[in-house]
Amino acid sequence: MVTTGLGPRRSAVLRLLVVAVALAGALIGGFGGAAPASAHAALTGSTPVQGSVVDHAPGQVTLTFSEGVAMGDSSIRVLDPRGKRVDRGKLLNLSSGNVVKYGAGLPPGLGNGTYTVTWQAVSADSHPVSGAFTFSVGAPSKAAAPVPQQKAGGGLVGALYGVARYLAYAGFILLVGGAAFVVACRPAAALVRSVQRLVVQGWALLAGTTVVMLLLRTPYTGSGDLADVFDLAGLQQVLVTKPGAALVSRLLLLAAAALFVAVLFGTFARLHEPASEEPAPGEGPATGAEPVPGEERAAGQTAEGGAPGETDGADSGKEGTGAAGPQAVQAADLARQRRDLTFGLAFGGVIVAAGLAATWALAEHASTGLQTAVAMPVDVLHLLAVAAWLGGLAALVVSLYWGPPVERRAVRRFSRIAFGSVLVLVATGVYQSWRQVGSRRALTDTTYGWLLLLKVGLVVVLVGIAWVSRRWTGRLTEVRVAGKDVPGKDEAGKDVAGKDEAGKDEEAEEDRAAEKAAVGAVAAPDAATASASPTASAPTASAPPSSDRAPDGAPDGPPDRTPDRTPDESPDPARAAQLARQQAALRTARTKRQRDADPERLALRRSVLAEASVAVVLLVVTTVLTATEPARTEEAVKARSGGQSLASSGPQVLKIPFDTGGPGGKGTARLDLDPGRSGSANALRLRITDPSGKAVDVPEVKVSFTQKAKKIGPLPIAPKHLGKGQWRADGVQLPVPGQWQLSLLVRTSDIDQVTEIKNVKIG
């Protein structure tokens with residue numbers, strides 16, 4: 001019984017790929033997870049000002065953004081202290097020139113109290129943004145409307161959309177890079193099943209994730225409810241937006257890409273099939289080497305008795321005198337067909353690939369900000385270079401591990417293309433970094449800058465491994481030259497030639513041994529049958545022993561040779577199936593032996609696999625980077641908010657010692673503020689203890705917050721007494737992020753009191 005399993009090398013390959021995918025998943029969870037996508041358009045101003053107290057109710061509320069946004073009639077909502085919507089429900093577009101401003105009208109006669117403004121929009125680079133703030137008319141009220149806790153683009157929908165974006169990038173790279181590898185580097189790879197699967201799976205992955213992203217756009221930019229993927233009205237609204245149009249255009253281009261793939265693995269593959277008289281797969285040129293028309297013609301002439309050295313003119317002059325003339329015409333016609341189809345596929349493939357890349361450039365970072373007319377073509381070039389490098393690398397990996405031996409010429413071609421792609425990546429990456437970062441300080445002070453530095457580090461590692469692979473490629477060429485061009489004149493050449501001859505002898509011996517085992521496996525049941533039927537076994541026993549063996553000096557027979565049978569004997573299907581399995585195992589072993597015989601090629605496979613593993617992690621970081629607020633925008637928002645970051649600083653815990661000066665006037669106040677974010681309903685908890693740590697009651701405590709940079713406050717907080725030494729206040733609204741000043745008043749008697757001041761950072 002024949003059993004098969006994963007070999008040690010294949011197991012190592014799978015383990016390394018699993019580690020790379022696991023690291024990629026960790027990066028997705030750490031950077032993205034269920035958190036909302038970072039805002040690419042930021043709120044830079046409002047009227048009324050966040051947290052301000054106005055004497056009379058305004059006629060409208062206006063919001064100013066750092067870049068273009070898409071908003072609807074329900075994007076800005078104004079709620080009174082009881083949570084009732086009071087705006088007119090009609091969006092006002094107040095933008096002019098470079099100022100992006102929208103507003104919502106308010107009816108006259110609004111009463112005093114604290115009003116909450118919630119807003120939601122889609123930035124020009126397709127990412128949803130949202131926020132909330134408060135203002136007061138007359139005086140702040142004790143009650144305020146609750147604000148949504150989940151930001152736009154967060155939760156389960158945000159996580160699914162982020163995964164779909166990563167897989168879409170991966171599908172684009174596999175589709176474009178794999179097809180480019182076949183057309184430009186190794187046309188014979190069109191016949192390799194593993195390469196075909198890679199390209200087709202890349203197409204299917206990109207098409208599937210595009211449909212998923214199109215369906216997720218409605219909940220991703222709106223409610224956040226996964227059930228809204230079936231909202232046809234919302235889908236109709238998505239189709240008229242710029243991101244929706246880009247996704248639909250991508251689907252149309254994928255239809256053209258499907259036709260391209262069909263021609264690539266259909267007509268193009270058939271034109272590069274080896275001739276019928278060439279060796280079987282796994283031997284000679286049929287193992288994946290690109291047939292050379294001149295070589296086919298020479299072989300044909302020799303087979304027909306013509307002189308291989310005859311010229312085309314001599315053949316045409318002797319038309320009809322032999323088979324060399326028609327074969328030469330046929331070879332020339334085949335070469336012309338290959339050349340014309342290769343040019344057509346290359347031209348059409350570049351158009352389709354550039355169009356697919358443009359669907360990202362027209363809807364993401366490059367479409368907004370500085371120099372968009374230059375940034376979008378640069379972004380297309382950047383994506384094409386990434387696909388040519390990493391996608392071609394993936395095709396090379398599957399060719400080296402799950403295909404026939406790869407020719408040195410194909411590896412050298414890919415090495416040159418990869419080097420050119422790296423040059424394009426460096427040039428376009430420098431421009432994009434300057435455009436999105438703006439200053440060296442932003443590289444270390446912003447999340448975008450940190451991710452960019454991580455990406456640069458991964459690219460450096462990837463280039464270093466590629467340099468190692470390039471050295472192995474050079475050694476492959478040197479070994480070929482030493483063994484072919486100068487045999488017998490150089491000791492190294494003699495050694496290589498000797499090793500090749502020894503390897504051939506070993507392969508022949510192993511083939512003969514496997515053949516005998518296969519024949520014996522089939523003959524064994526025959527012997528059992530013969531012993532059971534003496535009359536039937538007599539002719540078999542009387543047959544000469546040499547009938548199953550080739551004459552001395554003759555070449556070994558094919559591995560699928562079976563024992564001689566009489567015309568009346570019908571083959572046993574079970575034995576035939578067993579023999580077929582043994583023959584397949586023999587062919588697989590021979591292919592693997594040929595593939596592993598070259599130590600330089602083995603080292604090349606390992607270095608290329610390491611490249612692919614780093615590329616998986618690099619693609620994750622790139623995906624997260626495209627969903628992160630550009631450093632230039634973040635720095636501009638910091639400048640407008642008094643130099644404070646808008647990122648959440650998390651819950652705040654303060655321990656404030658106090659001494660009112662009277663009896664029992666010493667103690668410590670512990671204040672917790674959760675979640676410690678602006679625009680959200682915060683919970684304030686206060687606990688007062690004496691010097692021994694026991695909870696004590698005091699006649700009065702007061703808390704207030706002041707933002708001096710924005711001239712907001714003091715905003716008084718009246719915590720409720722819950723029990724001995726315990727106070728609590730819910731719904732604490734701090735309208736803007738930054739450095740706030742907390743004021744705590746503690747009174748321990750009618751005349752003994754003290755006010756302590758602490759600074760607290762609110763995100």
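Cut-off values and rules
Residues numbered from 1 in each chain as written. Predicted model: local features only at pLDDT ≥ 70, side-chain atom pairs only at ≥ 80, totals over all residues. Heavy atoms only, no water. Helix = DSSP H or I, 4+ residues; strand = E, 2+ residues; numbered from the N terminus. Expected span 1.5 Å × (residues − 1). Polar contact = N/O pair within 3.5 Å; in protein donor to acceptor, adjacent residues only side chain to side chain. Core = buried A, V, L, I, M, F, W, Y, C linked by side-chain atoms within 4.5 Å. Buried < 20%, exposed > 50% of the residue type's maximum accessible area, 1.4 Å probe, protein only. Axes fitted to C-alpha atoms, helices over the stretch in contact; angles between N-to-C directions. Parallel < 35°, antiparallel > 145°, perpendicular 65-115°, else oblique. Left-handed = near helix turned anticlockwise from the far one by under 90°. Contact = heavy atoms within 4.5 Å. Nonpolar A, V, L, I, M, F, W, Y, C, P; charged D, E, K, R; others polar. Pairing = 2+ DSSP bridges. pLDDT = per-residue confidence, 0-100. Patch = residues over 30% accessible without salt bridge, like charges linked within 9 Å, V, L, I, M, F, W, Y side chains within 5 Å. Areas by Shrake-Rupley, 256 points an atom, 1.4 Å probe, with all protein chains shown as cover. Salt bridge = Lys/Arg side-chain N within 4 Å of Asp/Glu carboxyl O. Phe/Tyr/Trp six-rings, centres within 6.5 Å; stacked < 30°, edge-to-face > 60°.

A.B. asks: Help me out: how do you make sense of helix α5 (residues 242-264) in this one?
C.D. replies: Given 3.6 residues to a turn, an α-helix orients residues that are three or four positions apart in the same direction. Taking 1.5 Å of rise per residue, the 23 residues of α5 would be expected to cover 33 Å, and the 32 Å separating its terminal C-alpha atoms lies within 8% of that figure. The opening residue of α5, the one whose side-chain oxygen lies 3.3 Å from the backbone nitrogen of Gly244, is Thr241.

A.B. asks: Help me out: how do you make sense of the nonpolar core in this one?
C.D. replies: Across soluble globular proteins, nonpolar side chains have a tendency to be buried as a group. Counting residues in each nonpolar core, the largest one holds 84 residues, and the members touching the most others are Phe172, Leu175, Leu206, Leu264, Trp389, Leu396 and Phe414. Counting residues per element, this core draws most heavily on helix α2 (residues 155-185), at 16 residues. One finds Phe658, Trp727, Ala729 and Leu742 within the second-largest nonpolar core, a separate group that totals 28 residues.

A.B. asks: Whenever I open this one, the packing of helix α3 (residues 193-221) against helix α10 (residues 372-402) confuses me. Can you help?
C.D. replies: Packed helices, taken two at a time, are described by their axes: the angle between them and the distance between them. Packing of α3 against α10 leaves a shortest axis separation of 8 Å and a crossing angle of 150 degrees. Put simply, α3 runs roughly antiparallel to α10. As for the relative orientation of α3 and α10, their crossing is right-handed in sense. Mapping the contact onto sequence places Ser194, Val195 and Leu198 in α3 and Ala394, Ala395, Val398, Ser399 and Trp402 in α10. For the contact of α3 with α10, a count of residues per class yields 6 nonpolar, 2 polar and no charged.

A.B. asks: What is the right way to look at the sheet that holds strand β15 (residues 720-723) in this model?
C.D. replies: Sheet strands pair via backbone hydrogen bonds, and the direction of the pair is either parallel or antiparallel. Read across the sheet, 5 strands follow the order β10-β11-β12-β16-β15 without closing on themselves; strand pairing throughout is antiparallel. At either margin of the open sheet sits one strand with a lone partner, and together these are β10 (652-659) and β15. Going across the sheet, the axis of each strand differs from the next one's by a mean of 25 degrees, ignoring polarity. With 3 bridges connecting them, β15 and strand β16 (residues 726-732) associate as antiparallel partners. If you follow Lys720 over to β16, its bridge partner there is Arg728.

A.B. asks: Hey, could you run me through the confidence of the model for the protein chain in this one?
C.D. replies: As a note on interpretation, predicted positions should not be read in detail where pLDDT is low. Mean pLDDT over the protein chain stands at 73; residues scoring 70 or higher make up 68%. For the protein chain, helix α7 (residues 293-304) is the element with the lowest average pLDDT, namely 36, and α5 is the one with the highest, namely 94. Here residues 1-39 is modelled with pLDDT under 50, and outside its nearest four sequence neighbours on either side it reaches 53 contacts, counting other chains as well. Below pLDDT 50 for its whole length, residues 514-563 participates in 35 contacts with residues either more than four positions away or in separate chains.

A.B. asks: What exactly am I supposed to notice about a nonpolar patch on the surface here?
C.D. replies: A cluster of nonpolar side chains, namely Leu156, Leu160 and Leu226, defines an oily patch on the protein surface of about 250 Å² accessible area. Positionally, Leu160 belongs in helix α2.

A.B. asks: Got a minute to help me understand the packing of aromatic side chains in this structure?
C.D. replies: For the structure shown, the criterion picks out 9 aromatic pairs. A ring pair is formed by Phe181 and Phe414, whose centres lie 6.1 Å apart and whose planes are at 70 degrees; its orientation type is edge-to-face. Here Phe181, found in helix α2, pairs with Phe414, found in helix α11 (residues 408-437); they are 233 residues apart in sequence, far enough to count as distant. Taking the relative accessible area as the measure of exposure, Phe181 reaches 1% and is therefore buried.

A.B. asks: Can you walk me through the pairing of strand β11 (residues 666-674) in this structure?
C.D. replies: The side chains of a regular strand alternate between both faces of the sheet. In this sheet, β11 lies alongside β10 in antiparallel orientation, the contact comprising 8 bridges. The residue bridging Phe658 from the neighbouring strand is Gly667, located in β11. Where β10 folds back on β11, the antiparallel hairpin that results is connected by 6 residues, among which Gly661 adopts a positive phi of roughly 95 degrees. The pairing of β11 with strand β12 (residues 682-689) spans 7 bridges and is classified as antiparallel.

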